[in-house]
Number of protein chains: 2
Amino acid sequence: MNDKRQELIDAALALFYEKGVKSVGINEILARSGVAKKTLYHHFASKDALILGALGQRHEQFIGWLARVLSGSQSVDEVIDRLFTGLDHWFNGTVEELGDFRGCFFINTAAQYTELNSEIASYCAKHKALVAQTIRRSIAEENEQAWADTIMLLKEGAITSAYVGQQVGAAKQAQQILAALRAQAKSPTLSVHNRTSR
Amino acid sequence: MNDKRQELIDAALALFYEKGVKSVGINEILARSGVAKKTLYHHFASKDALILGALGQRHEQFIGWLARVLSGSQSVDEVIDRLFTGLDHWFNGTVEELGDFRGCFFINTAAQYTELNSEIASYCAKHKALVAQTIRRSIAEENEQAWADTIMLLKEGAITSAYVGQQVGAAKQAQQILAALRAQAKSPTLSVHNRTSR
DNA sequence: CTTAACATAGACAAGTCGGTCTACCTTTGT
DNA sequence: ACAAAGGTAGACCGACTTGTCTATGTTAAG
């Protein structure tokens, strides 16, 4: 049976995201899930393994949400519009799928596992790379895919500004910045910033 | 004497920034500083108070570095150039003043103190606001100060991308984006993005 | 010289941590 | 019917946590 394993991951992710991985003990996860300690250590070798499981679960959740938000986009402009509108909803807590907004789970977790080569820090970096890939693939125009990196940078800035800086309007701000960049890129007379590099 | 207090803060900040506030115990700070436990609790009411002290110290450090980097700037373009060149050096570990790059201490600490109204989370938000203010004041042109928010957003994105996403070139990427935005803002024919709003 | 402030080392309290283990129960396939 | 796999409850371990306290030493001002 994998359902005990799943219950553990669900409880762990909820608590980890709410309070931070270092602030949540094994026993709290057991109490919340109603699973016995022995069962936990039957499915996971250690707390770190459980954290990786929770990261994996959140990764699926987030990429799933992202893909749904971006699906059917016909242009870079549409990708930007959908993504940052979605982020705005997330920041304001109206995306049940992602839970109450408490910043990016991967950023928060990486901040607490500082050994750079740790499996956990690597997973967080990999997640970010896969998010970038998802954005890239949702851009129909092949010659515009370099926009994915710009979008990512603004997205990271918006998440951090919204959470740590408590700027709830950060997604809209980022969206305006991207709108300006797009307007410029489309202008034939002003091609200072050529978007084919990188 | 305040030098014991200072030694404690120095040791605490170094360890907290390197490993994260939750991963460092009081005893480790005492061992590193060579100060007695009783002395610590003479100067600080609790570990949280010591964390606030370390945040305060880092705030002074960072604002000091920032002001120095930005000092003498004559224009928004110059502010952007100096700031992101400085960030690039920081990310690549060539700013001894700020220590080995391990992301933003305030972002990392906020990620571990998730009660939104906690003194620690509030301090982190306040720090970000004061950084924004420092940037705003370094912009000579009064009608251009709204650029500070844009610069902040890109700066936060660059820090997070560099640390969590392990993209060492994030500062340069942000700088290119800002260069494009500036080029557009200066173009008389293309004023889609009016920079007086907030 | 005395007194007060500040320092030291480190035992100790009281609790939490991750993780192991015993003992028992339930489900499932052969 | 029986065995194996997976479950439960929770005692227990050793290490570590923040914070208090005793007992002693040093420094400086009046």
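None of the values given here were measured: they were computed from a predicted structure. (Residues numbered from 1 in each chain as written. Chains lettered and ligands numbered in written order. Predicted model: local features only at pLDDT ≥ 70, side-chain atom pairs only at ≥ 80, totals over all residues. Heavy atoms only, no water.)

Details of the UniProt feature "DNA-binding region" (unreviewed entry) in chain A
Sites flagged by UniProt as "DNA-binding region" (unreviewed entry) map to residues 25-44 of chain A. For residues 25-44 of chain A, the end-to-end C-alpha separation is 15 Å, with 75% helix and 0% strand making up the annotated structure. (UniProt positions renumbered as here; feature names shortened; annotations may be inferred. Helix = DSSP H or I, 4+ residues; strand = E, 2+ residues; numbered from the N terminus.)

What to know about the packing of helix α5 (residues 76-91) of chain A against helix α8 (residues 147-163) of chain A
Helices that pack against each other are described as a pair by the angle of their axes relative to one another and the distance between those axes. All names here are of chain A. Running from N to C, α5 and α8 cross one another at 15°; their axes reach a closest spacing of 11 Å. Regarding the angle of α5 to α8, the classification is roughly parallel. The element α5 and its partner α8 pack so that their crossing is right-handed. On α8, the residues touching V76, V79, I80, L83, F84, L87, W90 and F91 of α5 are W147, I151, L154, K155, A158, I159 and A162. (Axes fitted to C-alpha atoms, helices over the stretch in contact; angles between N-to-C directions. Parallel < 35°, antiparallel > 145°, perpendicular 65-115°, else oblique. Left-handed = near helix turned anticlockwise from the far one by under 90°. Contact = heavy atoms within 4.5 Å.)

What about the protein's contact with DNA strand C?
What surrounds DNA strand C is a group of 18 residues, the closest being I26, K37, K38 and K47 of chain A together with T39 of chain B. Each atom of DNA strand C within 4 Å of the protein belongs either to a base or to sugar and phosphate, the latter forming 56%. Note that a phosphate oxygen of DNA strand C is positioned 2.6 Å from one of the backbone N or O atoms of K47 of chain A. Where the surface near DNA strand C is concerned, the elements lending two or more residues are α3 (37-43) of chain A together with α3 (37-43) of chain B. At 5 residues, the largest contribution of residues to the surface near DNA strand C is made by α3 of chain B. When the residues that make up the surface near DNA strand C are grouped by side-chain class, the tally is 6 nonpolar, 6 polar and 6 charged. (Near = heavy atom within 4 Å. Polar contact = N/O pair within 3.5 Å; in protein donor to acceptor, adjacent residues only side chain to side chain. Nonpolar A, V, L, I, M, F, W, Y, C, P; charged D, E, K, R; others polar.)

Quick word on the relation of the copies chain B and chain A
Expressed as a screw operation, the relation of chain B to chain A combines 0.0 Å of axial shift with a rotation of 180°, fitting to an RMSD of 0.0 Å. Taken together, the turn and the small shift mark the pair as related by a two-fold rotation axis. Minimal C-alpha separation from the rotation axis in chain B is found for G157 of chain B, amounting to 1.8 Å. Most of the interface of chain B is mirrored in chain A, where 98% of its interface residues again form contacts. (Least-squares fit on C-alpha atoms with pLDDT ≥ 70 in both.)

Observations concerning the interface of chain B and chain A
Listed per partner, the contact involves 47 residues of chain B and 46 residues of chain A. Summing both sides of the interface, chain B and chain A together bury roughly 3700 Å²; the carbon and sulfur share of this comes to 63%. On inspection of chain B and its partner chain A, the count reaches 0 salt bridges. At the junction of chain B and chain A, the tally comes to 13 residue pairs in polar contact (both at pLDDT 80 or more). Residue assignment for the side of chain B that touches chain A shows that the elements contributing at least two residues are α1 (3-19), α6 (105-110), α7 (119-138), α8 (147-163) and α9 (170-186) of chain B. Considering every element that reaches the side of chain B that touches chain A, the biggest residue donor is α8 of chain B, with 10 residues. (Buried area = accessible area lost by both parts, 1.4 Å probe. Salt bridge = Lys/Arg side-chain N within 4 Å of Asp/Glu carboxyl O.)

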